[in-house]
Amino acid sequence: AQSVTQLDSQVPVFEEAPVELRCNYSSSVSVYLFWYVQYPNQGLQLLLKYLSGSTLVKGINGFEAEFNKSQTSFHLRKPSVHISDTAEYFCAVSDLAGGGNKLTFGTGTQLKVEL
Amino acid sequence: DAGVTQSPTHLIKTRGQQVTLRCSPKSGHDTVSWYQQALGQGPQFIFQYYEEEERQRGNFPDRFSGHQFPNYSSELNVNALLLGDSALYLCASSLGIEAFFGQGTRLTVV
């Protein structure tokens, strides 16, 4: 079985400061990894994904993440955050067993950007 | 492209009742998955439909059932509602690996 751990439930940060949201996963097989963002009362929007190839993945809105197989991590980073980045962020791993693409999510990290 | 659309957006039901939620996938997508997101939690996988068949199922009781139609749209049915079924229900469609999510249906059971 796969699992995802998001180590921080809340991360406060000042505007224009850098931020890192941490994600660790466990899996017995090769994985695909994702970061989603959820704004209040909305669905999930894909920020970025790691499928294969370069371990540094760039996504939308200036976010990037690095896949580290030895540490089973996929941390999300942004060099300079904006007020509009305030949202809930979810890390997820894809399970391709049975031919499907079931997603297992972490519990989320609330990013709060302050002036 | 309208993306993934879900209806209704909000719903209030009484314990013991039954509810049906609907999802129209993104154009061209043939796979639909349903997730339950309780307040303050990450989404939990309920099940996935492909070619009108349930392909995968999460750890949810049989009260949760679904259907996929020939046009790939899908329904989620929940019988004998419990207070604990109150949550945001998310539908995701995909053609391959990447999943696109709808805005969700907020179900409140009173």
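Scroll up for the structure.
Residues numbered from 1 in each chain as written. Chains lettered and ligands numbered in written order. Predicted model: local features only at pLDDT ≥ 70, side-chain atom pairs only at ≥ 80, totals over all residues. Heavy atoms only, no water.

Glancing now at the sheet that holds strand β3 (residues 19–24) of chain B. Remark on secondary structure: sheet strands pair via backbone hydrogen bonds, oriented parallel or antiparallel. Residue and element names in this part refer to chain B. Read across the sheet, four strands follow the order β1-β3-β8-β7 without closing on themselves; strand pairing throughout is antiparallel. With partners counted over all chains shown, the strands left at the sheet margins are β1 (5–7) and β7 (64–68), one partner each. Between one strand axis and the next, the sheet turns through 20 degrees on average, direction left out of account. The pairing of β3 with strand β8 (residues 74–78) spans five bridges and is antiparallel. (Pairing = 2+ DSSP bridges. Helix = DSSP H or I, 4+ residues; strand = E, 2+ residues; numbered from the N terminus. Axes fitted to C-alpha atoms, helices over the stretch in contact; angles between N-to-C directions.)

With an omega dihedral of -10 degrees, the bond running from Ser7(B) to Pro8(B) counts as a cis peptide bond. Relative to the helices and strands, Pro8(B) resides in the loop between β1 and β2 (10–13). One non-glycine residue, Glu16(A), adopts positive backbone phi at about 75 degrees. Following the sequence through the fold, Glu16(A) ends up in the loop between β2 (10–14) and β3 (19–21). Residue Glu16(A) is classed as exposed on the basis of its relative accessible area of 64%. Backbone geometry places Thr72(A), a non-glycine residue, at a positive phi of 45 degrees. Position of Thr72(A) relative to the elements: it lies in the loop between β8 (64–68) and β9 (73–78). Residue classification places Thr72(A) among the partly exposed residues on the basis of a relative accessible area of 30%. (Buried < 20%, exposed > 50% of the residue type's maximum accessible area, 1.4 Å probe, protein only.)

Judged by nonpolar contacts, the single largest core of 27 residues is most densely connected at Leu33(A), Trp35(A), Leu47(A), Leu48(A), Phe74(A), Leu76(A) and Tyr89(A). It is strand β10 (residues 87–95) of chain A that provides the largest number of residues to this core, a total of four residues. In this structure, Leu76(A) is in contact with Val19(A), Glu20(A), Leu21(A), Trp35(A), Leu47(A), Leu48(A), Phe63(A), Glu64(A), Ala65(A) and Tyr89(A), ignoring residues within four places of it in sequence. Within the second largest apolar cluster, 19 residues are counted, among which are Leu21(B), Trp34(B), Phe64(B) and Leu76(B). (Core = buried A, V, L, I, M, F, W, Y, C linked by side-chain atoms within 4.5 Å. Contact = heavy atoms within 4.5 Å.)

This part is about the interface of chain A and chain B. Interfaces are often described in size by the accessible area the parts lose on coming together. Between chain A and chain B, the contact holds 22 residues from the first and 22 residues from the second. Summed over both sides, the interface of chain A with chain B buries roughly 1,700 Å², with 52% coming from carbon and sulfur. Considering only the surface of chain A that becomes buried against chain B, Leu44(A), Asn101(A) and Lys102(A) emerge as the three largest contributors, covering 29% of it. Along the contact surface separating chain A from chain B lie one salt bridge. Ionic pairing is found between Lys49(A) and Glu98(B), a salt bridge with its closest N-O pair at 3.1 Å. There are nine residue pairs in polar contact (both at pLDDT 80 or more) connecting chain A and chain B. Among the elements of the structure, β5 (32–38), β6 (44–50), β10 and β11 (102–105) of chain A are those that each provide at least two residues to the side of chain A that touches chain B. Ranked by residues supplied to the side of chain A that touches chain B, first place goes to β5(A) with four residues. In terms of residue class, the side of chain A that touches chain B is made up of ten nonpolar, nine polar and three charged. (Buried area = accessible area lost by both parts, 1.4 Å probe. Salt bridge = Lys/Arg side-chain N within 4 Å of Asp/Glu carboxyl O. Polar contact = N/O pair within 3.5 Å; in protein donor to acceptor, adjacent residues only side chain to side chain. Nonpolar A, V, L, I, M, F, W, Y, C, P; charged D, E, K, R; others polar.)

The next subject is the environment of Val93(A). Residue and element names in this part refer to chain A. In this fold, Val93 is placed in strand β10. You can call Val93 buried: its relative accessible area is 0%. With eleven residues separating them along the chain, Val93 and His82 place their C-alpha atoms 27 Å apart.

Take the state of the cysteines next. Note on terminology: a disulfide is the covalent bond linking the sulfur atoms of two cysteines. Tallied over the entire structure, the rule returns two disulfides over all chains. Between the sulfur atoms of Cys23(A) and its disulfide mate Cys91(A) the distance is 2.0 Å. Measuring the twist about the S-S bond at about -65 degrees, one finds the Cys23(A)-Cys91(A) disulfide to be left-handed. Pair noted here: Cys23(A) is in the loop between β3 and β4 (24–26) and Cys91(A) is in strand β10, with a separation of 68 residues, a long-range link. For Cys23(B), the disulfide goes to Cys91(B), at an S-S distance of 1.8 Å. Between Cys23(B) and Cys91(B), the S-S torsion sits near -65 degrees, and that sign places the bridge as left-handed. Of this pair, Cys23(B) sits in strand β3 while Cys91(B) sits in strand β9 (residues 87–94), placing them 68 residues apart in sequence. (Disulfide = S-S within 2.5 Å.)

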